[in-house]
Amino acid sequence: MKGEVLSAYRSLLRATKRSFAGDTLMLTESASEIRRKFQESRHVTSEPEIRKLLEEAREASHFISNMIVQAKLTSRGGYEMKPSKDHAGATLEVPTEELLRKSK
């Protein structure tokens, strides 16, 4: 079971590295959040509860890999996204200008 937990942890970190490549803030914050969530669950000993947490980690990894696309500011002042084949069939939600202003 320990191996499965470590595998889920690494899978989440790999997913964030792919999805947030080049975005140091998001890489740092997501790694910190993943670490925090796993630390919070260290005390769980019930196998059914561990299985549930592992499934949640797998779902999170899948979501990060397949549903998140980073937009990059272009020299023209617009934003550009380059979805990968992993994003095929997903509905892309473009953030509003207001949301983008708040994130700066």
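What counts, and where the lines are drawn
- Residues numbered from 1 in each chain as written.
- Predicted model: local features only at pLDDT ≥ 70, side-chain atom pairs only at ≥ 80, totals over all residues.
- Heavy atoms only, no water.
- Core = buried A, V, L, I, M, F, W, Y, C linked by side-chain atoms within 4.5 Å.
- Buried < 20%, exposed > 50% of the residue type's maximum accessible area, 1.4 Å probe, protein only.
- Helix = DSSP H or I, 4+ residues; strand = E, 2+ residues; numbered from the N terminus.
- Contact = heavy atoms within 4.5 Å.
- Axes fitted to C-alpha atoms, helices over the stretch in contact; angles between N-to-C directions.
- Parallel < 35°, antiparallel > 145°, perpendicular 65-115°, else oblique.
- Left-handed = near helix turned anticlockwise from the far one by under 90°.
- Nonpolar A, V, L, I, M, F, W, Y, C, P; charged D, E, K, R; others polar.
- 1 Å grid on protein atoms, 1.4 Å probe; cavity = no way out; pocket = protein on both sides within 12 Å on 5 of 7 lines; lining within 4 Å.
- Points joined across faces, edges and corners; volume = space filled by probe spheres on them.
- Expected span 1.5 Å × (residues − 1).
- Arc of directions from axis to C-beta.
- pLDDT = per-residue confidence, 0-100.

So, the nonpolar core
Ala8, Leu12, Ala15, Ile34, Val44, Ile50, Leu54, Ala57 and Ile64 together form the largest nonpolar core, which totals nine residues. Those elements that place two or more of their residues in this core are helix H1 (2-19) and helix H3 (47-67). With four residues, the single largest contributor to this core is H3. If near-sequence neighbours (up to four positions away) are discounted, alanine 8 is found in contact with Phe38, Leu54 and Ala57.

Here we look at the packing of H1 against helix H2 (residues 24-40)
At a minimum axis distance of 9 Å, the contact between H1 and H2 shows a crossing angle of 165°. Here H1 is positioned roughly antiparallel relative to H2, judged by the angle of their axes. Classified by chirality, the crossing of H2 by H1 is right-handed. Where H1 approaches H2, its residues Val5, Ala8, Tyr9, Leu12, Leu13, Thr16 and Lys17 are matched on the opposing element by Leu27, Ser30, Ala31, Ile34, Arg35 and Phe38. Taken together, the residues that form the contact of H1 with H2 break down as nine nonpolar, two polar and two charged.

Overview of the layout of surface pockets
If you roll a probe as big as a water molecule over the atoms, it shows you where there is empty space left. As a volume, the largest pocket reaches approximately 820 Å³. In this structure, the largest pocket is lined by 26 residues; those nearest its centre are Val5, Lys37, Phe38, Gln39 and Ser41. Breaking the lining of the largest pocket down by element, the ones donating at least two residues are H1, H2 and H3. Ranked by the residues each element gives to the lining of the largest pocket, the list is headed by H2, at eight residues.

Observations concerning H2
For H2, spanning 17 residues, the distance from its first C-alpha to its last is 24 Å, which sits close to the expected 24 Å at 1.5 Å a residue. Buried residues of H2: Ser30, Ala31 and Ile34, and no others. Burial along H2 is one-sided: seen end-on, the buried residues are contained in an arc of 100°. Exposed residues lying more than 90 degrees from the buried face of H2 are Thr24 and Leu25.

Quick look at H3
Taking 1.5 Å per residue, 21 residues should reach 30 Å; H3 reaches 29 Å between its end C-alpha atoms and fits that length. When we look at burial in H3, the residues that qualify are Ile50, Leu54, Ala57, Ser61, Ile64, Ser65 and Asn66. Buried-residue contacts for H3 involve H1 and H2.

Quick word on the confidence of the model for the protein
With 82% of its residues at a pLDDT of 70 or more, the protein shows a mean pLDDT of 84. The weakest mean pLDDT in the protein belongs to helix H4 (residues 97-102) at 70; the strongest belongs to H2 at 93.

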